There are 2 protein chains.
Amino acid sequence: MGSIIWIDIRDRYGITQLIFNEAVTKTELVEQARQIGREFVIMATGSVIERSSKNQNLPTGEIEILVVALTIINKSELPPFTIEDETDGGEELRMKYRYLDIRREPVRKNLELRYRMTQEVRKYLDGQNFIEVETPVLIKSTPEGARDFVVPSRLHKGQFYALPQSPQVFKQLLMVAGLDKYYQLVKCFRDEDFRADRQPEFTQIDCEMSFVMSDDILNTFEGLAKHLFQTLKNIDFTAPFPRLTYTDALTYYGTDKPDIRFEMKISEITLLVKGKGFGIADNAEYIGGICAKNCSEYSRKQLDELTEFVKKPQIGAKGLVAVKFNQDGMVKSSIDKFYTQDDLLKWKALFNAENGDLLLILAGEKISTLSALSALRLEMGQRLGLRDKNKFAPLWVTDFPLLEWDQETQRFYAMHHPFTSPNPDDIPLLDTNPADVKALAYDLVINGTEIGGGSIRIHNSDLQQKMFSILGLTQEQAEKQFGFLMNAFKFGAPPHGGIAFGFDRWVALFAGVDSIRDVIAFPKNNAGSDIMIDTPSEISETQLKELF
Amino acid sequence: MGSIIWIDIRDRYGITQLIFNEAVTKTELVEQARQIGREFVIMATGSVIERSSKNQNLPTGEIEILVVALTIINKSELPPFTIEDETDGGEELRMKYRYLDIRREPVRKNLELRYRMTQEVRKYLDGQNFIEVETPVLIKSTPEGARDFVVPSRLHKGQFYALPQSPQVFKQLLMVAGLDKYYQLVKCFRDEDFRADRQPEFTQIDCEMSFVMSDDILNTFEGLAKHLFQTLKNIDFTAPFPRLTYTDALTYYGTDKPDIRFEMKISEITLLVKGKGFGIADNAEYIGGICAKNCSEYSRKQLDELTEFVKKPQIGAKGLVAVKFNQDGMVKSSIDKFYTQDDLLKWKALFNAENGDLLLILAGEKISTLSALSALRLEMGQRLGLRDKNKFAPLWVTDFPLLEWDQETQRFYAMHHPFTSPNPDDIPLLDTNPADVKALAYDLVINGTEIGGGSIRIHNSDLQQKMFSILGLTQEQAEKQFGFLMNAFKFGAPPHGGIAFGFDRWVALFAGVDSIRDVIAFPKNNAGSDIMIDTPSEISETQLKELF
């Protein structure tokens, strides 16, 4: 437009357009405006006027500011990537200049959402009479659980603190201390071999209550979840969240964190398939499948893709059997030589399949086949558009086993942690068949993601000692590591239980992003490094000498 | 009363009395009640009845519960100390059994106060449009400031993370990122040689704002302080907090954290005292004193105690001169042979002393004498009951020097930290006389305790580089340690500043306790150990091998 300059000014609250019009603006001012580059920090004074070409996508899109005075407060070099909603910067570059990345609205909105969630969490729990208590960060290393980060002590050479993987024992001690309803939004630490969606430091909503049964905890924290859905996503869950036992979750979804945004439940079909001469099936411990509605028209290519999918090493199935129930009533499969149309119609009945549907069947060892079916089910859900990020399907998974047997080390491990209470009905089984003991443990799962987990805890010193002994700790080891806790239980410990939520993951879910890195202001990369500040890094000789 | 048993039942909300009356209660129930020992966990059902002998000190002191059913949920061994407001347990024993100590009402009340303060801090700052952002705990070690705790990296052997002494650089990066008003209640860490009132981990209210001058920050956070006084202590500060420059604070109180609950200001009297043949005075750089109102009747013993006090090594005065202005107009001192009554009456005038007052005079090198006078002033304030824990006298101390010279290492250190902005008027002095440069730095002091401190920061890359060079860092060192920050300043950094409050200390002040240990759920002792969980402690060979 020749003599008109527009400049977008951006702050935390949005973007507003400045206008400099030579027809009415002093020439020096227009010249000054020409000096302004991207990301300059400026102060402008002027009149708010109606914009001739309105931008309905911006809250401030109907106005602009006719500038009468301008100060350049700070200049900027050209940023290494464009600071727009869609940027040309790759993840590494954006992480190195995270302070520029955060200027982008999608990143800022995620951090704002995260903040509003913390406020709503506190508002709800405060309203329920919970008290937030800070537990220590410099604690004691314990061999159970994941690997600890440790901190060498200078004053006690050769000794170490550890960073907490969770405030578990402290919150239990707070129950023994009579604080009855505790919570904390708290940083926790795990020295893992990093995976895509893990961070060495992460944030938990950590909670514990006294004088409760599982149901009290489920109801209280279902209330929290509903409050968050309501205040942050404007979704009202009026009905109770579904509850599914661990056994049923495995049976029908092949996983303890089912995505129930869509049905497509797994059905076992072992008996119908076996004994017809189809070798793979005849030798399988378990045969099961899913029914994909309206997929009978799947092409050879699509079925090949699915076969490739289930044969990936991380899924590990040997092959995939597909049975098409065509619209015209015809049944088509790759295993027609073993099964008659009548056989296949029995399969159809078992799955409640209709004409137009597609059965996908896997066979093999039970646990791994269920797990592969779970992956296949999610893949089909994805392909069929059944996993809408704006739809949320929470549920509780309950009655987890107390222990899992580890083949490699030939010992039991606690499925949740060693402080989880067995179901009182199952306590006799601890001596006879520990693998069958159920725990008073529960997870909150949303859209196939485990958002939180907890349990009723052991509050009896002898039972806790027994649990440690089942986990292979000698009495001496148990005493050395957890003596303070077992001792605490001797002085009038109330029954108690709690839950901890993975806060980063919950925010990511609400933000509709895949990685928790997108909801953390300064995340580490997959190697556990912050490339912006360059850490971890070497420390000085002086520091080393003082410590070691 | 023979057949009546009373039992106090305690929970987080208070104490209520249970009554078992053989006249109306079943014998088995009375027998069961006799089984109950101290700290047992019980469940009782009954009717609330009016108490015959009411206890007005308890909220529930007018009622008792006539029990009709009783369950012993958990037993207790006899606790190692009495769980009452006043306990027979020494600090070490109470720390070892901290979970029992917290059952004591005074300890629980401190933790509840702490929690309510966090809620009010968040409520106020949220209302001012601040956003809480979590900054990382695993950061980079920097040589400036106190000693870092470090965390060895397993994935990057030989490299370390450090735990933050404060989120300083991250909050500045958040300002560069455009978040404009940031806060965080955050754990910070300092590996110090422990002193009574320090903890290796402590909590800060950490804040930063963009586009502000000192006054904006002082006003905003004076608002926070007033909000906390109002909501937690029911005290309304309507007038602005006094503001005192660093120079005036030293001149009149001998310290940069004056307790202004009482006057008794220091006056310099060098010129009046010198040149009369009193050797100590004649050789002194500085002579000053305080006037203790209505203390002219102090006995020889009392004055000797004060002399002993100022001669303690940590105070370090050589001696104390006392001048009494008796009610009858007589002037008495230990130095009558050097000074006439007329001389001493001139002193009286300088201090605005009246009959009945006592002058206490110290002489020596200026800075150390002022510091000794400050200690003497606090001691007199204490003796005279002028330091009432229920009275609060906040003030701002401003205009700190930017740098302090360290005789031992022959270099300048940043008085606050290297990111503090010099007063723009003084920037030319950076080249000629750095010691005279004032900083845009301020502390909030309440009752002689530094509760918080902050500054306007440098937001210009060149000035930051110059600051590092004054602090003796080569360009290469500065680049290695803080290159990311100086680089960030090149991309349109807004002017910014902030403040950080020592939250533990603030809670302790409001709780009226002397040690921050009393307001921390699980504090470390003076050797940096938690004796309850026994940390720091040895870690396993496996862990050591993986790390080193």
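Residues numbered from 1 in each chain as written. Chains lettered and ligands numbered in written order. Predicted model: local features only at pLDDT ≥ 70, side-chain atom pairs only at ≥ 80, totals over all residues. Heavy atoms only, no water.

Novice: Just checking my understanding: could you explain the overall build of chain A for this structure?
Specialist: Counting secondary structure elements, chain A contains 17 helices and 21 strands. Each of the three principal axes of chain A carries a C-alpha extent, and together these read 90 × 75 × 50 Å. For chain A, the proportion of its 548 residues judged to be buried stands at 55%. (Helix = DSSP H or I, 4+ residues; strand = E, 2+ residues; numbered from the N terminus. Buried < 20%, exposed > 50% of the residue type's maximum accessible area, 1.4 Å probe, protein only.)

Novice: Would you take a moment to explain the interface of chain B and chain A for this structure?
Specialist: Across the contact, 105 residues belong to chain B and 105 residues belong to chain A. When chain B packs against chain A, close to 9100 Å² is buried across both sides, 58% of that on carbon and sulfur atoms. The tally of links from chain B across to chain A stands at 14 salt bridges. Remark: the boundary between chain B and chain A carries 64 residue pairs in polar contact (both at pLDDT 80 or more). Take the side of chain B that touches chain A: its biggest share by element is eight residues, from helix α4 (residues 105-127) of chain B. (Contact = heavy atoms within 4.5 Å. Buried area = accessible area lost by both parts, 1.4 Å probe. Salt bridge = Lys/Arg side-chain N within 4 Å of Asp/Glu carboxyl O. Polar contact = N/O pair within 3.5 Å; in protein donor to acceptor, adjacent residues only side chain to side chain.)

Novice: Got a minute to help me understand a negative patch on the surface in this structure?
Specialist: A grouping of D8, E84, D85, E86 and E105 of chain A is seen on the molecular surface, where their side chains present a negatively charged patch. For D85 of chain A, the location among the structural elements is in the loop between β4 (63-74) and α2 (91-96). (Patch = residues over 30% accessible without salt bridge, like charges linked within 9 Å, V, L, I, M, F, W, Y side chains within 5 Å. Areas by Shrake-Rupley, 256 points an atom, 1.4 Å probe, with all protein chains shown as cover. Lys, Arg positive; Asp, Glu negative; His and termini not counted. Charge placed at Lys NZ, Arg CZ, Asp CG, Glu CD.)

Novice: Whenever I open this one, the packing of aromatic side chains confuses me. Can you help?
Specialist: Applying the stated rule across the entire model yields 51 aromatic pairs over all chains. Aromatic side chains F468 of chain B and F482 of chain B sit 4.8 Å apart centroid to centroid with 5 degrees between the ring planes, which places their arrangement in the stacked category. Of the two residues, F468 of chain B sits in helix α14 (residues 461-470) while F482 of chain B sits in helix α15 (residues 475-488), which places them 14 residues apart along the sequence. A single burial state applies to F468 of chain B and to F482 of chain B, both of which are buried. An aromatic cluster of at least three residues, connected via ring pairs, comprises F130, F221, F229, F237, F241, F392, F501, W506 and F510 of chain A. Sitting over the ring of Y252 of chain A, K265 of chain A keeps its end group 5.5 Å from the ring centre. One Lys or Arg, R377 of chain A, reaches over the ring of F262 of chain A and ends 4.0 Å from the middle of that ring. (Phe/Tyr/Trp six-rings, centres within 6.5 Å; stacked < 30°, edge-to-face > 60°. Lys NZ or Arg CZ within 6 Å of the ring centre and 35° of its normal.)

Novice: Help me understand the packing of helix α14 (residues 461-470) of chain A against helix α15 (residues 475-488) of chain A, please; the structure alone is not making it clear to me.
Specialist: The axes of two packed helices give the description: the angle between them and the distance between them. All names here are of chain A. Direction vectors running N to C along α14 and α15 enclose 145 degrees, while the axes themselves pass 10 Å from each other. In this structure, the crossing between α14 and α15 has a hand that is right-handed. Residues S461, Q464, Q465 and F468 of α14 lie in contact with α15, whose contacting residues are Q475, A478, F482 and M486. Per-class residue counts for the contact of α14 with α15 are four nonpolar, four polar and no charged. (Axes fitted to C-alpha atoms, helices over the stretch in contact; angles between N-to-C directions. Left-handed = near helix turned anticlockwise from the far one by under 90°. Nonpolar A, V, L, I, M, F, W, Y, C, P; charged D, E, K, R; others polar.)

Novice: Explain the confidence of the model for chain A here, please?
Specialist: Mean pLDDT over chain A works out to 95, with 99% of the residues at or above the 70 mark. Confidence estimates for the predicted assembly give a pTM of 0.96 and an ipTM of 0.95. (pLDDT = per-residue confidence, 0-100.)

Novice: Teacher, can you tell me more about the sheet that holds strand β13 (residues 321-325) of chain A here?
Specialist: By way of backbone hydrogen bonds, the strands of a sheet pair with one another, either parallel or antiparallel. All names here are of chain A. Overall, antiparallel pairing links the five strands, which are arranged β11-β12-β15-β13-β14 in an open sheet. Of all the strands in the sheet, the pair left with one neighbour each is β11 (267-268) and β14 (331-333). Summarising the sheet, strand β12 (residues 286-292) and strand β15 (residues 358-364) pair through seven bridges and their orientation is antiparallel. Along β15, the bridge assignment pairs I287 with A363. Along the sheet, helix α12 (residues 366-383) contacts β12 and β15; its crossing angle with β12, the most-contacted strand, is approximately 10 degrees. (Pairing = 2+ DSSP bridges.)

Novice: Just to check I follow, could you spell out the relation of the copies chain B and chain A for this structure?
Specialist: Relating one copy of the chain to the other requires a rotation about an axis plus a shift along that axis. When chain B is fitted to chain A, the residual RMSD is 0.1 Å, and the transformation amounts to a turn of 180 degrees plus an axial shift of 0.0 Å. Here the transformation between the copies is reduced to the relation of a two-fold axis. The C-alpha atom lying nearest the rotation axis in chain B is that of V151 of chain B; the distance is 2.5 Å. (Least-squares fit on C-alpha atoms with pLDDT ≥ 70 in both.)

Novice: Could you clarify how one ought to interpret empty space enclosed by the protein in this entry?
Specialist: A probe matching the size of a water molecule, rolled over the atoms, marks out where space remains unfilled. What the rule picks out here adds up to six cavities of 30 Å³ or more. Around the largest cavity, the lining is made up of 35 residues, and of these L185 and V186 of chain A together with L185, V186 and K187 of chain B lie nearest the centre. When residues of the lining of the largest cavity are traced back to their parent elements, those giving at least two are α4 (105-127), β5 (131-132) and β8 (181-189) of chain A together with α4 and β8 (181-189) of chain B. Volume-wise, the second largest cavity comes out at about 120 Å³. Taken together, 17 residues make up the lining of the second largest cavity; nearest its centre are K187, I520, A521 and F522 of chain A together with E134 of chain B. Those elements giving two or more residues to the lining of the second largest cavity turn out to be α4 and β9 (201-210) of chain A. Residues belonging to the lining of the second largest cavity are distributed by class as follows: eight nonpolar, three polar and six charged. (1 Å grid on protein atoms, 1.4 Å probe; cavity = no way out; pocket = protein on both sides within 12 Å on 5 of 7 lines; lining within 4 Å. Points joined across faces, edges and corners; volume = space filled by probe spheres on them.)

Novice: It is not clear to me how α15 of chain B should be interpreted in this structure. Could you clarify?
Specialist: In an α-helix, one turn spans 3.6 residues; hence positions three or four apart end up facing the same way. Over its 14 residues, α15 of chain B extends only 16 Å from the first C-alpha to the last, a length that falls short of the 20 Å expected when each residue adds 1.5 Å. Roughly 85 degrees is the biggest bend found in α15 of chain B, and it falls at F482 of chain B. For α15 of chain B, the complete set of buried residues consists of A478, Q481, F482, G483, F484, L485, M486 and A488 of chain B. In this structure, the buried side of α15 of chain B is in contact with α3 (98-101) of chain A together with α5 (168-176) and α14 of chain B. (Expected span 1.5 Å × (residues − 1). Bend = angle between axes of the 7 residues up to and from the residue.)

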